[in-house]
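Tertiary structure, described
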Amino acid sequence: MKYTQLGRTGLKVSRLVLGTMNFGPQTNEADSHAIMDAALASGINYFDTANVYGWGDNKGRTEEIIGTWFASGGGRRDKTVLATKVYGNMAGDGQPWPNHDRLSAVNIRRAVDASLKRLQTDYIDIYQFHHIDRRTPFEEIWQAIDVLVRQGKILYAGSSNFPGYKIAQANETAARHGRVGLVSEQCLYNLAERRAEMEVIPAAQEYGLGVIPWSPLNGGLLGGVLKKESEGKRRKDGRSASALENTKVRDQVQAYEDLLGKHGIEPGEAALAWLLTRPGVTGPIVGPRTKEQLDSALRAVELELGDDVLASLDEIFPGPGPSPEAFAW
């Protein structure tokens, strides 16, 4: 495994981030534990989750699965850089009670204590805001985070799904009050979805945030979906299925798979390897449902894409270009 610093921090993290969203809804507890053991054994030390994972009536279930894994010992917690998120409503009785969601000081305090209990740990390495909160000023948010840092409950704060201007606003507010501010941003970013290059990634680089792309295969679209379709395997529902109804998208994906086929490269591994070449990217989030999917992701870390392949990928999936020229002149 290769490692890098998380943004401007002294924290060293793996170039792949283990996403746990499938733990519970798609993968049972025993298999989830086996995947986490395999990830740690391979050198992946950065694990990402969220308080709402498990979804529906099972919100929090994913954190509980990670918690029982930590509790099984073997130094698992000490070896893991743990990131979780706050924003979604976590009211236990299924009612959308006020003050049980978003980023008010009262909800942040409640949510972090609940996450710590489910995770069976006394601290969270990176506590992330899952979405912007248009109603809560950053002065209040940073005051709440400052208290948690002093209490030793969290070490760093990060963001997820923030636009560039909110990254700037958050960190300028933090700087005025002598606080560290955001150290990471999780954003939707992959070969087929490159809008983050216009504002989010430049802002993250300017303020020293590590960029953590989620959905690196764009909902399966970049994972060899057409080859699987031709072999009679059922392709994924959701984003990839609906996107392929668009002729232009289908032609792009076909060209992508044809290019990689000529070079003997697996599409999913190429999509991850491409992200690892991008400026500002710390490491993409991989969310394996099985050990085999984890093994495929690990091969991407060692995959070197040649300049000719990178140029061809840019031709198939062109990015927006540098900012502000991309939307100005």
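Some details on the pairing of strand β7 (residues 154-160)
- Most of β7 is tucked away: 5 of the 7 residues are buried.
- As judged from the 5 bridges shared by strand β6 (residues 124-129) and β7, these two strands associate in the parallel manner. Among the inter-strand pairings, Gln-128 is bridged to a residue of β7, identified as Gly-158.
- Bridging between β7 and strand β8 (residues 182-188) involves 3 bridges; their strand directions are parallel. By the bridge assignment, Ser-159 is partnered in β8 with Glu-185.
- The parallel pair β7 and β8, bridged by helix α6 (residues 164-176), forms a crossover whose chirality is right-handed.

Concerning the packing of aromatic side chains
- Across all of its chains, the model carries 7 aromatic pairs by this definition.
- Ring plane angle 70° and centroid distance 5.6 Å describe the contact between Tyr-256 and Phe-317, whose orientation is recorded as edge-to-face. Here Phe-317 lies in the segment after α13 (307-316) and Tyr-256 lies in helix α10 (residues 247-262), a separation of 61 residues in the sequence. The pair Tyr-256 / Phe-317 is uniform in exposure class, with both members buried.

Structural notes on the nonpolar core
- Ranked by size, the top nonpolar core spans 73 residues in total, and within it Tyr-127, Phe-129, Trp-142, Ile-145 and Tyr-256 carry the most contacts.
- Filtering out sequence-adjacent residues up to four positions away, Trp-142 remains in contact with Phe-129, Ala-157, Ala-170, Asn-171, Thr-173, Ala-174, Arg-179, Gly-181 and Leu-182.
- The next biggest cluster of nonpolar side chains, apart from the first, holds 11 residues, and it includes Tyr-46, Val-81, Val-183 and Ile-285.

Some details on the pairing of strand β9 (residues 210-214)
- Of all 5 residues in β9, 4 are buried; the element is thus mostly enclosed.
- When β8 meets β9, the two strands line up parallel, connected through 5 bridges. Counted as the bridge partner of Cys-187 is Pro-213 from β9.
- With helix α7 (residues 200-207) bridging β8 and its parallel neighbour β9, the resulting β-α-β unit is right-handed.

How each quantity is defined
- Residues numbered from 1 in each chain as written.
- Predicted model: local features only at pLDDT ≥ 70, side-chain atom pairs only at ≥ 80, totals over all residues.
- Heavy atoms only, no water.
- Buried < 20%, exposed > 50% of the residue type's maximum accessible area, 1.4 Å probe, protein only.
- Helix = DSSP H or I, 4+ residues; strand = E, 2+ residues; numbered from the N terminus.
- Pairing = 2+ DSSP bridges.
- Right-handed = clockwise from strand over helix to strand, strands pointing away.
- Phe/Tyr/Trp six-rings, centres within 6.5 Å; stacked < 30°, edge-to-face > 60°.
- Core = buried A, V, L, I, M, F, W, Y, C linked by side-chain atoms within 4.5 Å.
- Contact = heavy atoms within 4.5 Å.

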